[in-house]
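The residues making up each chain are set out below.
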Amino acid sequence: MKYSNYYWQRTSAKRRVAFNTEKKTLAHSWDQFLESLGGALAAYYEARKIMICSQLRVALNQARAITQDISPKKLLLALIPFLTYLVIFSSYKGFRHLTHLDELSPPNYLILSTIEYRLFFCYPHKLLSSWANPVFDVLAAIPYLFHFPLPFLFGIYLALTPKKRAALYPYVWCAGWVNLIAVVIQSTFPTASPWFVDSAVLDAHGDVILEGPNEAGFHRLDKLFKITLFQNIYGHSPLKFGAFPSLHVAWPMVVLLNHPWFGKKVASIHVVWITLAALYSTHHYLIDAIAGILLVVLIRVCMIKIWSPFAELEETEDKGDQNGLSKSYDSSRAGISNGTVINV
C-alpha cells in the first residue's frame, strides 16, 4: 500500500514536470510566433509604404508632365465651340423664343419618316423594335448610358496618355463643332423622333393630345427594374425635338476619328452598336444616325484639309505601337504658314 502511494506520487510529479515543461515550450513558441508575425507585418507595412510613396511620386510626375504639356490657353480656345453649344442647349427654349423660331419653324413631325421610307422603302427602327425583349433592352441601354460621360472620359484618357496627349486639342475642337452645328440645326429645324411620331395623337388643329414617354423604348427597363432612370434623363431634356442629326451616334464617331483608345475596330463596333440601339429604342431614324456620322466626317475633313487652329497628329502603323502617335504634321501641310497654327 505504501509502495502504491509512493509510485502514484512520483508519477504525478513527473507528469507535473512534463506539463510545466510543455507549457513553457508552448509559451516560448507562441512568443516566437508573435515576434515573427510582428516582424512580417512591419516588413509588409514598410513595403506598402515604399510602394505607395513610389506611386505618389509617379502620379505627381505625371500630373506635372500633364500640366507642362497642356496649355490652359490652348485648351480654352479648343473649348469655345463646346461651351457655346452648352449655352444654346441649356437655353434652347429661350433661344427659340428670342429668335422667334418657335413661330417661324415649329417642330416637323413627318419629314424624317417620309424621307426614311423613300430612301429605304421601310422603317428600320420598326423592324428592330419588333424584336423587343429584356435582353436587347439591356444591350441597347449600355451604350446609351455610356453616351453621357463618353466625351469627358475620352478627353481624360488623351490627357493621361503621353503619346496621345497632343491630340486632346483637335479632339475637343472637333467635338465642340460637331455639337454646336448639331444643336443649331436642331434649334432652327426641330424634328420629331420615331417614338413621338409613332405614339402621338393630334387633334384637327395639329395640337398634340397624347404622346408616348420621352424615354421611348427604355421605359420598358424602367418598368422592369422599377426605377425612373431613363425617365429622369429624357423627361427633363430641354431639347425634345432634336432627332436630326443624332449626337448619340456622332460622339462615338468623334472618338473613332480622333485616335480611339481601344483601336479603330472597337471604336467602329461602338458606332454600329449605338446606331442599332438608337433605332431599336426608337430614339432615332436611320437617316439621323447617318447624318451624325457624316457631320463628324465633314468636320474632320475641314480640320485636316482646310483649316484648324491646332496641328494634326499622324497615326503610326508600327506593329510595336499601333496606337502611338508620330510627330506633328508640318504646318505647311495644313496650308498655314502665317503662324496661325498652334503647335502641340
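Residues numbered from 1 in each chain as written. Predicted model: local features only at pLDDT ≥ 70, side-chain atom pairs only at ≥ 80, totals over all residues. Heavy atoms only, no water.

Things to note about the overall build of the protein chain
Looking only at helices and strands, the protein chain has 15 helices and four strands in total. A burial count over the protein chain gives 36% of its 344 residues as buried. For the protein chain, the proportion of contacts with a sequence separation of at least 24, taken over those separated by at least 6, is 76%. Working note: accessible area of the protein chain is about 20,900 Å², and carbon and sulfur atoms make up 67% of it. (Helix = DSSP H or I, 4+ residues; strand = E, 2+ residues; numbered from the N terminus. Buried < 20%, exposed > 50% of the residue type's maximum accessible area, 1.4 Å probe, protein only. Contact = heavy atoms within 4.5 Å. Areas by Shrake-Rupley, 256 points an atom, 1.4 Å probe, with all protein chains shown as cover.)

A few points about the side chain of H284
Examined against the element boundaries, H284 turns out to sit in the loop between α14 (264–280) and α15 (286–306). Residue H284 is classed as buried on the basis of its relative accessible area of 4%. There is a polar contact of 3.3 Å between the side chain of H284 and the side chain of S246. Residue contacts for H284: discarding those within four places in its chain leaves H125, Y144, P194, G242, A243, S246, H248, A278 and L279. (Polar contact = N/O pair within 3.5 Å; in protein donor to acceptor, adjacent residues only side chain to side chain.)

Some remarks on the nonpolar core
Grouped burial of nonpolar side chains is what soluble globular proteins tend to show. Of all hydrophobic cores here, the largest spans 50 residues; its most connected members are Y171 and V178. Listing elements by their share of this core, those giving two or more residues are α2 (72–90), α7 (134–147), α8 (150–160), α9 (168–188), α12 (229–235), α13 (247–256), α14 and α15. Apart from the residues lying within four places of it in its own chain, the contact partners of Y171 are L150, P151, F154, G155, L158, V254 and N258. Residues A192, W195, F196 and A216 belong to the second largest nonpolar core, which totals five residues. (Core = buried A, V, L, I, M, F, W, Y, C linked by side-chain atoms within 4.5 Å.)

Considerations on the pattern of salt bridges
Counting across every chain of the model gives one salt bridge. Between D137 and R220 there is a salt bridge, with the nearest N and O atoms lying 2.9 Å from each other. Placement of D137 in helix α7 and of R220 in helix α11 (residues 219–225) is noted, with a sequence separation of 83 residues between them. (Salt bridge = Lys/Arg side-chain N within 4 Å of Asp/Glu carboxyl O.)

Some words on the confidence of the model for the protein chain
In low-pLDDT segments, the atomic positions of the prediction should not be examined closely. Overall, the predicted model of the protein chain reaches an average pLDDT of 83, with 81% of residues at or above 70. Ignoring residues within four places in sequence, the model shows residues 316–344, a span with pLDDT below 50, making 50 contacts including any to other chains. (pLDDT = per-residue confidence, 0-100.)

Describing helix α5 (residues 111–120)
Taken residue by residue, α5 has L112, S113 and E116 as its buried positions. Viewed end-on, α5 has its buried residues packed into an arc of 95 degrees, placing them on one side of the element. Buried-residue contacts for α5 involve α6 (124–129) and α15. Positive phi appears at F121, one or two residues downstream of α5, with a value of about 60 degrees. (Arc of directions from axis to C-beta.)

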